[in-house]
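Take a look at the letters that make up each chain.
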Amino acid sequence: MNQPLPSSRLASLDALRGFDMLMISGGGAFIHSLGGKTNISFIDAIAAQFHHPDWNGFTFYDFIFPLFLFMAGVSLAFSLKSALEKGVSQAELRKKLFKRMLILFFFGLLDKNAPLDIFDPAHIRYGTVLGRIGIATFLVALLYMNTNWKQQLYTAIGILVLYYAGLMLISVGGYGGGDLTFEGNLAGWVDRTFMPGRLKQKTYDELALSTQLPATCLTIFGCLIGQLLQTPSTSSFKLQRLMAFGGVGIATGLVWGVVFPVNKHLWSSSFILLTGGMACLMIALFYWLIDVRNYTRWAFFFKVIGMNSLVIYLACRFVNFGETSRLLFAGLYSHTAEKWHEVFNALGGLILVWLVLYVMYRHKIFVKV
């Protein structure tokens, strides 16, 4: 989940990636655990934002993975430009990125299917977070190396419009066109008909074949922003553009959501534009604070996480930091009210995760694919 190729780094991007990975690796669960504990309505409202809606709707937690796909596109623009300027051929870049895609796909299989039984392929879940990132960055790299920025933008818009038209006009499985219910939508029918292995929600899988292309649009948008940030324009011009694109994305997503509901499970076009707009504003905030104003001390905490995002993603899957936290800290928090035990245990797990990454950071151990 790190940058695919060596490049000059954008300090704000490392910090924002760290913020995002913190939410994925336990920060979101910690915030959610605060719900109903403090009797403070504001904290309860924040905690409620770290739970996915069952179907239509949107919470901040739905934004976490789209933000990472967007940042993957920003990183890709920096990486590819740097590699091409150093004389690396497009053929070599394609080979490296294809290999990276396969490695991420394999790690994704381990993540979603552990213990992985390769002799029972019918029960393997092939739709994964890491696989989606690998496929998206490979496709966007091909697009970047063969088109200009306008063609990239038109490609993303075309995909979102065609995806909307397909779900609204094509009838499948006895359901009419425009049926966006859990059972009747076109994306689910595509998954059930063409996707091998196990589907997460039985009738469809939110990380499977049908939603890959709309999700890839977030990486295209991120790549476009990466190209903007590399232009010789002033930082104020870049910030103005980031905020303008963010506002347009959010407004368009909300308006489109009236007829095509914002839905993370379907990766609806309105969801893509809403989260893409939000990602622009997040990039603008971190870019302004870190790269423009040079306020960097506060970002170190997140940078430590962002420099080893793949490590922490897989470690949180295969290492039980929650149990380690209980063994180390239960003797302390057991003297508090029982309702707070899960909160303190989650906090202890987060501290352990960060300390592991800090040790790696101090020893300059950075795992990339």
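Note that the coordinates shown come from a computational prediction; the quantities given were computed from them, not determined experimentally. (Residues numbered from 1 in each chain as written. Predicted model: local features only at pLDDT ≥ 70, side-chain atom pairs only at ≥ 80, totals over all residues. Heavy atoms only, no water.)

Side note on the confidence of the model for the chain
- On average, residues of the chain carry a pLDDT of 92, and 98% of them reach 70 or more.
- This model gives residues 2–7 a pLDDT under 50, and the stretch forms 29 contacts once residues within four places in sequence are excluded. (pLDDT = per-residue confidence, 0-100. Contact = heavy atoms within 4.5 Å.)

Concerning the nonpolar core
- Counting 104 residues, the largest nonpolar core has Phe221, Ile225, Leu229 and Trp267 as its most contacted members.
- Looking at which element gives the most residues to this core, the answer is helix α10 (residues 269–292), with 14 residues.
- Those residues within four positions of Ile225 in sequence are excluded, and the remaining contacts are Phe70, Val74, Leu242, Phe245, Cys280 and Ile283. (Core = buried A, V, L, I, M, F, W, Y, C linked by side-chain atoms within 4.5 Å. Buried < 20%, exposed > 50% of the residue type's maximum accessible area, 1.4 Å probe, protein only. Helix = DSSP H or I, 4+ residues; strand = E, 2+ residues; numbered from the N terminus.)

Notes on the packing of helix α3 (residues 64–85) against helix α8 (residues 212–229)
- α8 packs onto α3 with a crossing angle of 45 degrees between their chain directions and a minimal axis gap of 6 Å. On the basis of their axis angle, the class for α3 and α8 is oblique. Once α3 is placed against α8, the crossing between them reads as right-handed. The residues of α8 that touch α3, namely those facing Pro66, Leu69, Phe70, Ala72, Gly73, Val74, Ala77 and Phe78, are Ala215, Leu218, Thr219, Phe221, Gly222, Cys223, Ile225, Gly226, Gln227 and Leu229.
- Looking at the contact of α3 with α8, its residues break down into 13 nonpolar, five polar and no charged. (Axes fitted to C-alpha atoms, helices over the stretch in contact; angles between N-to-C directions. Parallel < 35°, antiparallel > 145°, perpendicular 65-115°, else oblique. Left-handed = near helix turned anticlockwise from the far one by under 90°. Nonpolar A, V, L, I, M, F, W, Y, C, P; charged D, E, K, R; others polar.)

A closer look at unusual backbone geometry
- At the junction of Ala114 and Pro115, the peptide bond is cis and its omega measures out at -5 degrees in the coordinates.
- Mapped onto the elements of the fold, Pro115 is located in the loop between α4 (90–113) and α5 (129–146).
- The phi angle at Asn39 is positive, at roughly 60 degrees, despite the residue not being glycine.
- Within the secondary structure, Asn39 sits in the loop between α1 (11–33) and α2 (41–48).
- You will see that Trp267, though not glycine, has its phi angle at about 50 degrees, which is positive.
- With respect to the secondary-structure elements, Trp267 resides in the loop between α9 (235–256) and α10.

What to know about the environment of Thr275
- By the element assignment, Thr275 lies in helix α10.
- Assessed through its relative accessible area of 0%, Thr275 is described here as buried.
- Taking the C-alpha atoms as reference, Thr275 lies 8.2 Å from Gly253; in sequence the two are 22 residues apart.
- Those residues in contact with Thr275 that lie beyond four places of it in its chain are Phe58, Phe63, Pro66 and Leu218.

Quick word on α1
- The end-to-end C-alpha distance of α1, which contains 23 residues, comes to 31 Å, matching closely the 33 Å that a straight helix rising 1.5 Å per residue would cover.
- Approximately 65 degrees is the largest bend angle found in α1, and it occurs at Gly26.
- Most of α1 is tucked away, with 19 of its 23 residues classed as buried. (Expected span 1.5 Å × (residues − 1). Bend = angle between axes of the 7 residues up to and from the residue.)

A look at the side chain of Thr216
- Turning to its location among the elements, Thr216 is positioned in helix α8.
- By relative accessible area, which is 3% here, Thr216 ends up buried.
- Among the polar contacts made by the side chain of Thr216, one reaches the main-chain carbonyl oxygen of Gln212 at a distance of 2.7 Å.
- Apart from the residues within four sequence positions on either side, Thr216 is in contact with Ala136, Leu139 and Val140. (Polar contact = N/O pair within 3.5 Å; in protein donor to acceptor, adjacent residues only side chain to side chain.)

Here we look at the packing of aromatic side chains
- Under the counting rule described, the total for this entry stands at 27 aromatic pairs.
- The interplanar angle of 50 degrees and the centroid separation of 6.2 Å between the aromatic rings of Tyr163 and Phe260 together place this pair among those described as tilted. Remark: Phe260 occurs in the loop between α9 and α10 and Tyr163 occurs in helix α6 (residues 149–169); sequence separation between them is 97 residues. Accessibility classification places Tyr163 together with Phe260 in one group, the buried group.
- Pairwise contacts between aromatic rings join Phe19, Phe286, Trp298, Phe300, Phe301, Phe302, Trp354, Tyr358, Tyr361 and Phe366 into one cluster.
- Stacked on the ring of Trp267, the Lys or Arg Arg132 has its end atom at 5.2 Å from the ring centre.
- One Lys or Arg, Arg317, reaches over the ring of Phe318 and ends 5.8 Å from the middle of that ring. (Phe/Tyr/Trp six-rings, centres within 6.5 Å; stacked < 30°, edge-to-face > 60°. Lys NZ or Arg CZ within 6 Å of the ring centre and 35° of its normal.)

Remarks on a nonpolar patch on the surface
- A cluster of nonpolar side chains, contributed by Phe344, Leu347, Ile351 and Leu355, occupies part of the molecular surface with about 310 Å² of accessible area.
- Within the secondary structure layout, Phe344 lies in helix α14 (residues 341–362). (Patch = residues over 30% accessible without salt bridge, like charges linked within 9 Å, V, L, I, M, F, W, Y side chains within 5 Å. Areas by Shrake-Rupley, 256 points an atom, 1.4 Å probe, with all protein chains shown as cover. Salt bridge = Lys/Arg side-chain N within 4 Å of Asp/Glu carboxyl O.)

What about the pattern of salt bridges?
- Enumeration over the complete set of coordinates arrives at nine salt bridges.
- As a salt-bridge pair, Asp111 and Arg317 come within 3.5 Å of each other at their nearest N and O atoms. Residue Asp111 is found in helix α4, and its partner Arg317 is found in helix α12 (residues 309–318); the two are separated by 206 residues along the sequence.
- Take Asp111: its relative accessible area is 5%, and that puts it in the buried class.

Side note on α6
- Compared with an ideal rise of 1.5 Å per residue, which puts 21 residues at 30 Å, α6 spans 30 Å between its outermost C-alpha atoms and is within 8% of the ideal.
- The backbone nitrogen of Lys150 has a side-chain oxygen 3.1 Å away, supplied by the residue at the start of α6, namely Asn148.

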